[in-house]
Amino acid sequence: MLPLVALVGRPNVGKSTLFNALTRSRDALVHDQPGVTRDRHYGVCRPDAEQSFVVVDTGGIAGEEEGLAGATARQARAAAEEADLVLFIVDGREGPSALDDDILRWLRKAARPTLLVINKIDGVDEPGARAEFARYGFDDVMTISAAHRQGIDDLLEQVLERLPEEGEAETLDNDPNRMRVAFVGRPNVGKSTLVNRLLGEERMIASEVPGTTRDSIAVDLERDGRQYRLVDTAGLRRKSRVDEAVEKFSVVKTLQAIEQCQVAVLLLDASEGVTDQDASVLGAILDAGRALVVAINKWDGLTTYQREQAEALLSRKLNFVEWAEAVRISAKHGSGLRELFRAIHRAHASATREFATSEINKALEVAYESNPPPSIRGHVSKLRYVHPGGSNPPTFVVHGTRLKVLPDSYKRYLENFFRKRFKLVGTPVRFVFKEGTNPYEGKKNELTDRQIARKRRLIRHVKRGK
């Protein structure tokens, strides 16, 4: 296990900026607005080939114990308690505050190894900033500017001197065999609650306030001998309703999570059915071509009549993705989770299946003979052969002639035929149609001198006959 370094401080002191600088990434959302970060966000810092450590970005501790601010503070304290070293981040421009004093008192009670880091030192009097924080009693004080990477190398040197060779924190690995599952949906449908239920701990902040989750948080899970990477994402809304810059960044992070996952679990609120916002999220999943499982949450709170109405509404509004399995669950009470994982496994197996060229050519031949393409303006498309074009989603490249006039209805017929023949569930199926090119198109047949003379003799012979 790698040692763990926690970034702790009050809101808007630059913890996320420092996290990105240490991990050399843009994984953490950064904005001037205080309180952007809420959940714990883990990353790996690799200063050199021999030494590495895990960095955890935390939300700002605002001195409140109720609501979202209190939940954020509890997440930050949990990260500090499991860390091998705590970097106490303060603002060099604003100087010490009463909130900094409270955080420092808590850190001393927790008895965690702590290093004071004065951020935003660019453009200010560095000796003066050190003097302001001298009353905190730290022997070593680091001054940095995370936004300009000033002092980062000296900070890394101090961190590596204080860290043990081995830590106890769980780290995210890059095992390609680990299934990547993203939980997506509109705000306040229970994504964080579901991830917490699967993990068996309050890893994500779950609240009835819409938009609680602002970043995409990845967590590794082992269940029944299989390994997963679960990604809790921010709720997606229609573009016309996204106003704040922070929410726009959250949308980008969610779309990136959809692109990088293997299976997307779309959460719906059973009491509200399929809304326009749900359709927007579903469109993003289909555009990315990800495997799909629909999880209908809060199913336990419905009466028999409400369930019948919900079933009718779902079958009508989700008929265009009827290939996706729909599972009824309760994230709060944990019902239906086994069925959810079975659906995820089936969708993943279908999306990542590898096909032999011979078996799909046989399927194309059977489909063509059973239902040949219709004649369009006297032309009939010819489907000659097909070969695999990739997985996740399964892609088939069909070669032939006059494929430009092949109607969309016949393309849907091929998609449904292949889906039924190979028992593909929970994944879109894509066809790419390529026409063969005429090798003589655009080439002029140049006659030789002998052919030209023969042509002239033939013309004279025809004229004499007249």
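Coordinates for the structure precede this section.
Residues numbered from 1 in each chain as written. Predicted model: local features only at pLDDT ≥ 70, side-chain atom pairs only at ≥ 80, totals over all residues. Heavy atoms only, no water.

Some remarks on the sheet that holds strand β17 (residues 430–435)
Inference 1: Here 3 strands make up an open sheet; going across it, the order is β15-β16-β17 and the pairing mixed. The sheet is open, and its two edges are formed by β15 (382–390) and β17, each paired on a single side. Strand-to-strand twist of the sheet, defined as the mean angle between neighbouring strand axes without regard to direction, takes the value 25 degrees.
Inference 2: Note: strand β16 (residues 395–401) against β17, 6 bridges, orientation parallel. Bridging from a neighbouring strand, histidine 399 pairs with lysine 434 of β17.
Inference 3: Set on the sheet, helix α11 (residues 357–370) makes contact with β15 and β16; between it and β15 the angle comes to about 145 degrees. (Pairing = 2+ DSSP bridges. Helix = DSSP H or I, 4+ residues; strand = E, 2+ residues; numbered from the N terminus. Axes fitted to C-alpha atoms, helices over the stretch in contact; angles between N-to-C directions. Contact = heavy atoms within 4.5 Å.)

Thoughts on helix α6 (residues 191–199)
Inference 1: Within α6, 7 of the 9 residues are buried, which leaves it mostly tucked inside the rest of the structure.
Inference 2: Among the residues making up α6, those that are buried are Lys191, Ser192, Leu194, Val195, Asn196, Leu198 and Leu199.
Inference 3: Next to the buried residues of α6 lie β7 (179–184), β8 (217–223), β9 (226–232), β10 (263–269) and α10 (337–351).
Inference 4: Where α6 ends, the next residue or the one after it, glycine 200, has phi of about 80 degrees, a positive value. (Buried < 20%, exposed > 50% of the residue type's maximum accessible area, 1.4 Å probe, protein only.)

Thoughts on the sheet that holds β9
Sheet strands pair by backbone hydrogen bonding; their relative direction is either parallel or antiparallel.
Inference 1: If you trace the 6 strands from one edge of the open sheet to the other, you get β8-β9-β7-β10-β11-β12, paired in mixed fashion. Each having just a single partner strand, β8 and β12 (325–328) make up the two edges of the open sheet. Neighbour-to-neighbour, the strand axes of the sheet open up by a mean angle of 25 degrees, direction not taken into account.
Inference 2: Relative to the sheet, α10 contacts β7, β8, β9, β10, β11 (291–297) and β12, its axis offset from that of β11 by approximately 165 degrees.

Thoughts on the packing of aromatic side chains
Inference 1: Applying the stated criterion to the full structure yields 13 aromatic pairs.
Inference 2: Where phenylalanine 355 meets phenylalanine 422, the ring centres are 5.1 Å apart and the plane angle is 70 degrees; that geometry is what we call edge-to-face. A residue pair is termed long-range when its members are at least 10 positions apart, and phenylalanine 355 in the loop between α10 and α11 and phenylalanine 422 in the loop between α12 (408–421) and β17 qualify at 67 residues.
Inference 3: Overall, the relative accessible area of 12% leaves phenylalanine 355 in the buried class.
Inference 4: Assessed through its relative accessible area of 8%, phenylalanine 422 is described here as buried. (Phe/Tyr/Trp six-rings, centres within 6.5 Å; stacked < 30°, edge-to-face > 60°.)

What about the side chain of lysine 15?
Inference 1: Relative to the elements of secondary structure, lysine 15 occurs in helix α1 (residues 15–23).
Inference 2: Among buried Asp, Glu, Lys and Arg side chains, lysine 15 stands out as unpaired, with aspartate 57 the closest opposite charge at 5.9 Å.
Inference 3: Reaching out from lysine 15, the side chain makes a polar contact with the backbone oxygen of arginine 10 at a distance of 2.9 Å.
Inference 4: With residues up to four places along the chain from it excluded, the contact list for lysine 15 reads Leu7, Val8, Gly9, Arg10, Asp57, Thr58, Gly59, Gly60 and Ile89. (Lys, Arg positive; Asp, Glu negative; His and termini not counted. Salt bridge = Lys/Arg side-chain N within 4 Å of Asp/Glu carboxyl O. Polar contact = N/O pair within 3.5 Å; in protein donor to acceptor, adjacent residues only side chain to side chain.)

With respect to the packing of α6 against α10
Any two packed helices are characterised by the angle at which their axes cross and by the distance between the axes.
Inference 1: At a minimum axis distance of 12 Å, the contact between α6 and α10 shows a crossing angle of 95 degrees. With respect to α10, the element α6 is oriented roughly perpendicular. Of the residues in α10, those touching α6 at Leu194, Arg197 and Leu198 are Leu337, Leu340 and Phe341.
Inference 2: In terms of residue class, the contact of α6 with α10 is built from 5 nonpolar, no polar and 1 charged. (Parallel < 35°, antiparallel > 145°, perpendicular 65-115°, else oblique. Nonpolar A, V, L, I, M, F, W, Y, C, P; charged D, E, K, R; others polar.)

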